[in-house]
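Below are the chains, spelled out letter by letter.
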Amino acid sequence: GAGVSQSPRYKVAKRGQDVALRCDPISGHVSLFWYQQALGQGPEFLTYFQNEAQLDKSGLPSDRFFAERPEGSVSTLKIQRTQQEDSAVYLCASSLGEGRAFFGQGTRLTVV
Amino acid sequence: AQKITQTQPGMFVQEKEAVTLDCTYDTSDPSYGLFWYKQPSSGEMIFLIYQGSYDQQNATEGRYSLNFQKARKSANLVISASQLGDSAMYFCAMREPGNQFYFGTGTSLTVIP
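Counting starts from 1 at the beginning of each chain's written sequence and moves along it residue by residue. Here every chain gets a letter starting at A, and every ligand a number starting at 1, in the order they are written. Only residues with pLDDT of at least 70 are given local features in this predicted model, and only at 80 or more are side-chain atom pairs given and counted; all residues enter the totals for whole chains, interfaces and linings. For side-chain calculations, the full set of non-hydrogen atoms in the structure is used, while hydrogens and water are omitted.

Draft legend 1. Representation of the overall build of chain B. Here a helix means four or more residues in a row that DSSP labels H or I, a strand means two or more in a row labelled E, and each is numbered from the N terminus. For chain B, the helix and strand inventory stands at 0 helices and 12 strands. Listing the helices and strands of chain B from first to last along the sequence gives β-β-β-β-β-β-β-β-β-β-β-β. Taken over the C-alpha trace, chain B has a radius of gyration of 13 Å; the compact-globule value for 113 residues is 13 Å, and the two agree within 12%. Seen through its principal axes, chain B has C-alpha atoms that stretch 40 × 25 × 20 Å. In this description the radius of gyration comes from C-alpha coordinates, and the expected globular size is given by 2.2 Å times residues to the power 0.38.

Draft legend 2. Summary view of the interface of chain A and chain B. Only heavy atoms matter for contacts: two residues are in contact if any of them lie within 4.5 Å across the pair. Counting residues at the interface gives 19 residues for chain A, matched by 17 residues for chain B. Interface of chain A and chain B: buried area, both sides summed, is about 1500 Å²; carbon and sulfur atoms make up 54% of it. The closest approach of N and O atoms between Glu98 of chain A and Arg95 of chain B, which form a salt bridge, is 3.6 Å. The definition of a polar contact used here is a pair of N or O atoms within 3.5 Å, where within protein one atom must be able to donate a hydrogen and the other to accept one, and adjacent residues in sequence count solely through side-chain atom pairs. Between the two partners, chain A and chain B, sit 7 residue pairs in polar contact (both at pLDDT 80 or more). Once two parts are put together, the accessible area they lose, assessed with a 1.4 Å probe and summed over both, is termed the buried area. For this analysis, a salt bridge means a side-chain nitrogen from Lys or Arg found within 4 Å of a carboxyl oxygen belonging to Asp or Glu.

Draft legend 3. View of the pairing of strand 3 (residues 19-24) of chain A. Residue and element names in this part refer to chain A. Relative accessible area decides the class of each residue, using a 1.4 Å probe on protein chains only: under 20% of the type maximum gives buried, over 50% gives exposed, and in between gives partly exposed. The alternating pattern of strand 3 places Val19, Leu21 and Cys23 on a buried face, while none of Ala20, Arg22 and Asp24, on the opposite face, is buried. For two strands to be treated as a pair, DSSP must find at least two bridges joining them. Examined bridge by bridge, strand 3 and strand 8 (residues 75-79) share 5 bridges and lie antiparallel to one another. Paired with Leu21 across the two strands is Leu77, which belongs to strand 8.

Draft legend 4. Inspection of the sheet that holds strand 3 of chain A at higher detail. All names here are of chain A. Here we have 4 strands laid out as an open sheet, ordered 1-3-8-7, and antiparallel in their pairing. Looking at the sheet topology across the chains shown, the edges are occupied by strand 1 (5-7) and strand 7 (65-68). Taken over all neighbouring pairs, the strand axes of this sheet differ in orientation by 15 degrees on average, direction set aside. In this analysis an axis means a line fitted to C-alpha atoms, helices contributing only their contacting stretch, and an angle means the value between N-to-C directions, from 0 to 180 degrees.

Right under this line is the structure:
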């Protein structure tokens, strides 16, 4: 596709359930970013990949959060044992070099 | 210290008027990029404008211009001739080479008919 694709668009999880969020970046984009956005707030950094290498995971809030990009294209953000405070929109973005970030539509996660 | 500061949680502007959204940034890297994004209620992040730290001229894209004052570490967004469709959240962001994008807390702009 032409843009960054995220799936699912919406996810409702019961507290304690594991979830996996997928991001398909723009083909050829080396950098991939995951952000968490709470309602009415700015995007908060989670993690950053350059190709398959995870260069920065300092924003992951706990060891329940894990991200991977094994072949340097598609990325998955996994959240284990979801908690209510994990409810947010998860944004994925990709970029070519040091240019602008192209964002996906986001996955809205609701933990009940 | 915050990398990006947006001090205006909410702004109102009359249709067809110009509005300035403030952004200050903090970095010690001489090379960086500054970005503005628009996020309407639909949630998508729409890129508006980019300014490189070495760019001599202020960036412009249609009705958007970036008032870049490097010494003051300021990168204000100016929207001219506001339209109803400009009502949205606006985020300022900065990226240092090889690093993440840092975002501000955003400004909610409402255009009044």
